[in-house]
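Breakdown of the fold
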Amino acid sequence: MPLEKRYDPKTIEPQLQTFWELAGIYRFVPGDERPVFSIDTPPPTVSGNLHLGHTYSYTHADVFARFHRMRGENVFYPMGFDDNGLPTERLVESQLGITAAEIGRSAFIAKCLQVSEELEQDYQNLWQRLGLSIDWDYTYRTIDECSRKTSQRSFIDLFQEGLVYRQEAPSIWCPSCRTAIAQADVDDLERESQLVTLAFHLENGESLPIATTRPELLPACVAIFVHPGDERYQDIFGQRVNVPIFDQQVTVLQDPMADPEKGSGAVMCCTFGDTVDKHWWYTHQLDHVNAIDQQGNLTEVAGDFAGLSVKKARQAILDTLDQQEYILDRQPTTQIVPVHERCDTPVEYIMSQQWFIRLLDFKEEMLAAGDQIKWHPAHMKARYLTWVENLAWDWCISRQRYFGVPFPLWYCQECGEVILADLEKLPVDPSEDHPNEPCSCGSRKFKPDEDILDTWATSSMSPQIVGRWLCDDDLYQQVYPFSLRPQAHEIIRTWAFYTIAKSHFHFKQVPWNAVAISGWGIAGEGMGKISKSRGGGPSPPLEMIDRYSADAVRYWATSTSMGKDTVISEEKIQIGTKLTTKLWNVARFSERFLEDFDASHGVDKYSIAGINGEHLSPADRWILSRSQRLVRRVSLLLENYDYAAAKSEIENFFWREFADNYLEMCKQRLYGEDMVQREAARAALYHLLLTIIKLLAPFLPYVTEAIFQGIFVKYEPSQSEDVRSIHTSSWPEVNNNLEDDFAELVGETLVEIAVSVRRFKSENGMALGTDIQRLQLSADDDQLAAQLERASSDLISITRAREIDVGNHLDQTLTILLDTRKIKAAIEL
């Protein structure tokens, strides 16, 4: 069927999407002998509506999948949904206005399942409409049975290896989410605050000035620290100090972590204001005073301030300190506050019973693992290494929430022993299931662990979950370790690091060969990252796809280099629309000349599709040589995950060399009556257009498929090749015989002449299609002159000259257009 006059993506894209799905174009073939390219795709967190930032990063992975599929590899490209844990819970709470405490654990979990299923269908609809070449047969949810089984098996194996432990310890706590969180879940937020210097009093009545930004922690003050080398405080070391308004006495101690340059040089240690407090508490065996509860309110040790929130207590305590004249100085200050990255709530450090995975003992192994992986872009490796080097806490994996993977264990109520679930029974819900055997002490009274696993404890096993580690060993051996992990840069410290750690602990190998790090889609200047849970930003992706096309959105998404953030740009999307329109119009122009074309012959220096190489014009030889260099360059860039540079190379070739110049050069031969020249031009046009749409197929899958189906499917010669779709056709291969440095020099000269004639016409107010009487050319190099003579048809076609005259000298009565060391040219109107 001939191509429609106008490309209508609203009609064509959904039709092609349906064709791809019904034809199974993107299916992975288990057991196939082709090399496997497996992708550990990010499962989007079910915490709100997807936004254009997601189309940005997820398009990158799809480009790689499509490229490797066309390279003949068996591509394993699954999709998952991260729908267990805190993000989904908070979505349900905000969307439905309910909490687990109000409706009960079981009913709340049912609502979480319902909401997540509805959103996941929306997610899938968007991914399909965007044209992601996912094999949906391998879709998973991090709350499904296989995921829960894998996560629980991981915990049990680590427990038996002594790599997990449970203890009461200072934990990072979010008062808003009311759960412990991991170090990787903490962001830094800058805020304006106040540095208040208070008068502590020594036993002899002297005043000891101490500055703080957190006066609400005064009731939890357990010591005062000064630097051992601070001469100001040598005589008070070991003395007792009275804490303002709370009157407990604490001791002055020395520690090198006390900064003499900060504040007065003396600092109070509270349990717990920050990680330094935790270090001092542990190192100096200090008392523990719990002044802030899990809801973020002050406890009874705060006396009259008990029950107040941290914010209200801070102001109330400051007012009391002021009234009792304990405040020596106040200074505004900018403060970096650790906050929970899910809700921006300042975290507290609260003593609680939690499960941890040992990480601090394995930093060297984690650093070595990072060195074994290829990072794209390379500098992103430094982020991983820096995170590992600065790791200060083991991984807290327990969460005091409801919707997630439960810990597969019980506690004996008689002796406290931990009872693990049988591996054959996984997954289990300890609140409903029970151990099969009594405890070693003989008791059958068990208490289930009521916490759930951190969602990262499950998603860190994504290679094992999607590779079906526990239920399909043949598949797992075929796809693991994965070829690629595509992900965003902000979760290097979580998803990348935790997956590397789990793979090391369980399998003593890295989980993937390469990591491709995407940046963020940014809504505009100063707006930062777009977030699902915070509104999703402007321009819903389906609205933009409907307005401009999926290919146009993908064009924007692949215009910024790997690892870099990009501003959402409707103007850039519109440029994508112009490219698809131009590509379609070029294809429609070419279509009439490719009807009944015999494409059964190969292309080399001596013949192209059965046409003797002697009949190829200089323009043909130039553009064919340039196309080979383009294929080599683009292939190398995509092998190294540089999609933006690859697209730029293809786009520049298409516009500047092919559309703007070559098509104008070959038109006279295509329309002409010389059948030999016409066939040569048709052969070159066939090869070039097919090469261009194949190179663009990973980026613009819809319009390239439509052109391929309309023009090329019936011509593909190889019976061994799957030619139902451009996306299962072969990637262009470089033909070294077509590369010709001299042909490219000649072609550049032809372009230079054409540009000069266009400039002359423009400067003289002439339409570009205006005919000129004669174009006279002179070249010092005899070989170049001979090629210019052979290129007469090409030059007549692009310049609209009625005559091309190539000689040794220019007629001085003519207007000089061009005077370079290669060639001189003059024009006669």
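The text that follows walks through the structure, step by step, so that each part is easy to find. Here the structure is a predicted model, which means the values were calculated and not measured.

1. Observations regarding the overall build of the protein chain
A tally of helices and strands in the protein chain yields 24 helices and 31 strands. In terms of principal-axis extent, the alpha carbons of the protein chain reach across some 110 × 65 × 45 Å. Within the protein chain, the proportion of its 829 residues that are buried is 57%. Taking the intrachain contacts of the protein chain between residues at least 6 apart in sequence as the baseline, contacts between residues at least 24 apart amount to 77%. Surface summary for the protein chain: the accessible area is close to 34700 Å², and the carbon and sulfur share equals 45%. Side chains of the protein chain carry 81 positive and 122 negative charges; the gap between the two charge centres is 5 Å.

2. Focus on the nonpolar core
Counting 140 residues, the largest nonpolar core has Trp-127, Phe-658, Phe-712 and Leu-777 as its most contacted members. Apart from the residues within four sequence positions on either side, Leu-777 is in contact with Ile-753, Leu-788, Leu-795, Ile-804, Asp-805, Val-806, Gly-807, Leu-810, Ile-823, Lys-824 and Ala-825. Of all hydrophobic cores here, the second largest spans 66 residues; its members include Leu-385, Cys-439, Phe-446 and Phe-505.

3. Digging into the sheet that holds strand β16 (residues 395–396)
What the four strands build is an open sheet, ordered β6-β5-β14-β16; its pairing is antiparallel. Each of the sheet's edge strands pairs with one partner strand only, and the pair in question is β6 (179–181) and β16. Where strand β5 (residues 164–174) lies against strand β14 (residues 348–357), 10 bridges are found, and the strand directions are antiparallel. Pairing of Glu-168 across the sheet is with Gln-353, part of β14.

4. Description of the packing of helix α17 (residues 570–594) against helix α19 (residues 643–671)
Close contact between α17 and α19 brings their axes to 12 Å; oriented N to C, the two are set at 25°. Our classification of the angle between α17 and α19 gives roughly parallel. The crossing of α17 and α19 is left-handed. Across from Ile-575, Lys-578, Leu-579, Lys-582, Leu-583, Val-586, Phe-589, Arg-592 and Phe-593 in α17, the residues of α19 making contact are Glu-651, Phe-654, Trp-655, Phe-658, Ala-659, Leu-663, Lys-667, Leu-670 and Tyr-671.

5. Quick look at a negative patch on the surface
A cluster of acidic residues, Asp-361, Glu-364, Glu-365 and Glu-389, forms a negative patch on the protein surface. Looking at the secondary structure, you find Asp-361 in the loop between β14 and α9 (363–371). Asp-361 sits in the exposed class, given a relative accessible area of 57%.

6. Observations concerning the sheet that holds strand β18 (residues 409–412)
Within a beta sheet, neighbouring strands are joined by backbone hydrogen bonds and run either parallel or antiparallel to one another. Read across the sheet, three strands follow the order β19-β18-β20 without closing on themselves; strand pairing throughout is antiparallel. Pairing within the sheet leaves two strands with one partner each, and these edge strands are β19 (418–420) and β20 (446–448). For this sheet, the mean angle separating the axes of adjacent strands, direction not counted, is 35°. Here β18 pairs with β19 via three bridges, running antiparallel. Bridging from a neighbouring strand, Leu-409 pairs with Leu-420 of β19. Lying on the sheet, helix α6 (residues 145–160) is in contact with β18 and β19; it crosses β19 at an angle near 130°.

7. A look at the pairing of β5
Along β5, eight of the 11 residues are buried, which leaves the element largely enclosed by surrounding structure. As defined by bridge partners, β5 adjoins β6 across three bridges and the pair is classed as antiparallel. Note that in β6 the partner of Trp-173 across the bridge is Ala-180.

8. Re the pattern of salt bridges
Evaluation of the coordinates by the stated rule reveals 43 salt bridges. Its salt-bridge partner being Asp-83, residue Arg-141 comes within 2.6 Å of it at the nearest N-O pair. Taken together, the residues span a long stretch of sequence, with Arg-141 in strand β4 (residues 140–141) and Asp-83 in the loop between β3 (80–81) and α3 (86–96) at a distance of 58 residues. Comparing Arg-141 with Asp-83, the two get one shared label, buried. Its salt-bridge partner being Arg-774, residue Asp-805 comes within 3.1 Å of it at the nearest N-O pair. Within this pair, whereas Asp-805 is found in strand β29 (residues 804–807), its partner Arg-774 is found in strand β28 (residues 774–778), the two being separated by 31 residues in sequence. Judged by relative accessible area, which is 13%, Arg-774 ranks as buried.

9. Thoughts on helix α5 (residues 105–130)
Taking 1.5 Å of rise per residue, the 26 residues of α5 would be expected to cover 38 Å, and the 37 Å separating its terminal C-alpha atoms lies within 8% of that figure. Phi turns positive one or two residues past the end of α5, at Gly-131, with a value near 95°.

10. Focus: helix α21 (residues 701–712)
Most of α21 sits out of view: 11 of its 12 residues are buried. All of the buried residues along α21 are Pro-701, Tyr-702, Val-703, Thr-704, Glu-705, Ala-706, Ile-707, Phe-708, Gly-710, Ile-711 and Phe-712.

Rules and cut-offs
Residues numbered from 1 in each chain as written. Predicted model: local features only at pLDDT ≥ 70, side-chain atom pairs only at ≥ 80, totals over all residues. Heavy atoms only, no water. Helix = DSSP H or I, 4+ residues; strand = E, 2+ residues; numbered from the N terminus. Buried < 20%, exposed > 50% of the residue type's maximum accessible area, 1.4 Å probe, protein only. Contact = heavy atoms within 4.5 Å. Areas by Shrake-Rupley, 256 points an atom, 1.4 Å probe, with all protein chains shown as cover. Lys, Arg positive; Asp, Glu negative; His and termini not counted. Charge placed at Lys NZ, Arg CZ, Asp CG, Glu CD. Core = buried A, V, L, I, M, F, W, Y, C linked by side-chain atoms within 4.5 Å. Pairing = 2+ DSSP bridges. Axes fitted to C-alpha atoms, helices over the stretch in contact; angles between N-to-C directions. Parallel < 35°, antiparallel > 145°, perpendicular 65-115°, else oblique. Left-handed = near helix turned anticlockwise from the far one by under 90°. Patch = residues over 30% accessible without salt bridge, like charges linked within 9 Å, V, L, I, M, F, W, Y side chains within 5 Å. Salt bridge = Lys/Arg side-chain N within 4 Å of Asp/Glu carboxyl O. Expected span 1.5 Å × (residues − 1).

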